[in-house]
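# Results of the structural survey
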Amino acid sequence: MTLDWLHLFASSVWAGGLLMMLILWRKDREHALRLYPSFSLAALLSILLLVISGVLSVLLFLPDVRYVTETAWGKWSLVKIALVVLVILTAFFIRYTVARKQAASAGNLIRTDTLLMVMIVGIVGIFTYLTPLPANEPLNWHVMGEKIHMTAQISPNAPGVNDFTLKVWLPENLKPKQVVMKLHQEGAGAIAPIEVPLTPYEDQAADESYGMKKYSYKARGPYLPYPGKWKLEIRVLDSNDDETPYEKEIQIY
C-alpha cells in the first residue's frame, strides 16, 4: 500500500504539473518559463520516485522476474518502461531548449512529453484488466510411435491437488507390464523425484484406437506441490520387457 501511495503521488505531481505547463505555455508563456525550473525539479524527483516504486512493485508482485516476458502484463510493462525512457530524454531536451531560449522547440517538446504521459496513463488503465502472473493451463501431451502411443494429462496443472491421467496404446499381442510416472523438480538437487501412484481404470471415453488396445491409468493428489520448472518422466514397460521412456519439461506458476 505504501508503494502504491508513493507511485500515485509521484505520478500526480508529474502528470498534473505537465498538464499545467502545457496550458500555461499556450496562455501565458512568460509565466510558464518562470515556473518551469520549479516544475522541472519536481518532475525529475517524481520520475525517480516512480521508477524506484515501480521496480519495487514488480519485484513484490512477481515471484520470478523472468515472468515479465511471459504475460501480457509483463509485455505492457516493458512498453511502459520504454515510454518512461523517452519521457526522460524528452525532459532533457526541454531543459536544453529552455536554457537556449528556443521557445518554439520547447513548446513542441512539451506537447510530445504530454503525449507520452497520456500513453503511459493508458497503459496503467490496461493493467487493471491484467494479472502479473502467467496462467497455468492443463497439460495434454500426446506422443505417437511405431509400436506404442501415449497420452498424458494433468489438470489443472497448478500447485496443489491435480488429476493425472495416462493412456497407453499397444498392439493386441502386448500388455503393459509396468507404467511409471514421476515428477522431478529442476534445481532441487538431491531431492528424490515424486512418483505419481497410477491405478488402472476403465476409460469409457470414445477416442481413436489407432488399431491398438488402450490401457488407461489415473491418480489424484498433491504431487505438484510447488511452482517452478518440473520434468515429467513416464516409462512404459510392455510384456516383452521393452521399455519406452518419455520426458517433458513443464512450467508451473
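Our subject is the structure listed above.
Rules used throughout
- Residues numbered from 1 in each chain as written.
- Predicted model: local features only at pLDDT ≥ 70, side-chain atom pairs only at ≥ 80, totals over all residues.
- Heavy atoms only, no water.
- Pairing = 2+ DSSP bridges.
- Helix = DSSP H or I, 4+ residues; strand = E, 2+ residues; numbered from the N terminus.
- Axes fitted to C-alpha atoms, helices over the stretch in contact; angles between N-to-C directions.
- Phe/Tyr/Trp six-rings, centres within 6.5 Å; stacked < 30°, edge-to-face > 60°.
- Buried < 20%, exposed > 50% of the residue type's maximum accessible area, 1.4 Å probe, protein only.
- Salt bridge = Lys/Arg side-chain N within 4 Å of Asp/Glu carboxyl O.

Here the focus is the sheet that holds strand S8 (residues 228-238). One key point about sheets: their strands pair by backbone hydrogen bonds, in either a parallel or an antiparallel sense. Strand order in this open sheet of 4 strands is S5-S4-S8-S9, and the pairing throughout is antiparallel. Edge positions in the sheet fall to strand S5 (194-196) and strand S9 (243-252), since each has one partner strand and no second. Here the average twist between neighbouring strands, direction ignored, is 25°. Pairing of strand S4 (residues 176-185) with S5, which is carried by 3 bridges, proceeds in the antiparallel orientation. Among the inter-strand pairings, Lys182 is bridged to a residue of S5, identified as Glu195.

If you walk through the whole model with that rule in mind, you get 6 aromatic pairs. Each ring, one from Tyr36 and one from Phe39, has its centre 6.4 Å from the other, and the planes form 55°; the classification is tilted. In this pair, Tyr36 and Phe39 are both assigned in helix H2 (residues 29-61), 3 residues apart and thus about one turn of the helix distant. Judged by its relative accessible area of 8%, Tyr36 is buried. Phe39 gets classed as buried once you look at its relative accessible area, which sits at 11%.

Moving on to the environment of Tyr129. Looking at where Tyr129 falls in the secondary structure, it is placed in the loop between helix H4 (103-127) and strand S1 (139-143). Judged by its relative accessible area of 74%, Tyr129 is exposed. With 56 residues separating them in the primary sequence, Tyr129 and Trp73 have C-alpha atoms 9.0 Å apart.

We now examine the pattern of salt bridges. Taken as a whole, this structure holds 7 salt bridges when the rule is applied. Here Asp241 ties to Lys177 by a salt bridge, and the two come within 2.8 Å at their closest N and O atoms. Pair noted here: Asp241 is in the loop between S8 and S9 and Lys177 is in strand S4, with a separation of 64 residues, a long-range link. The class for Lys177 is exposed, based on a relative accessible area of 53%. Here the salt bridges share partners, and the residues they tie into one network are Lys167, Asp203 and Lys214.

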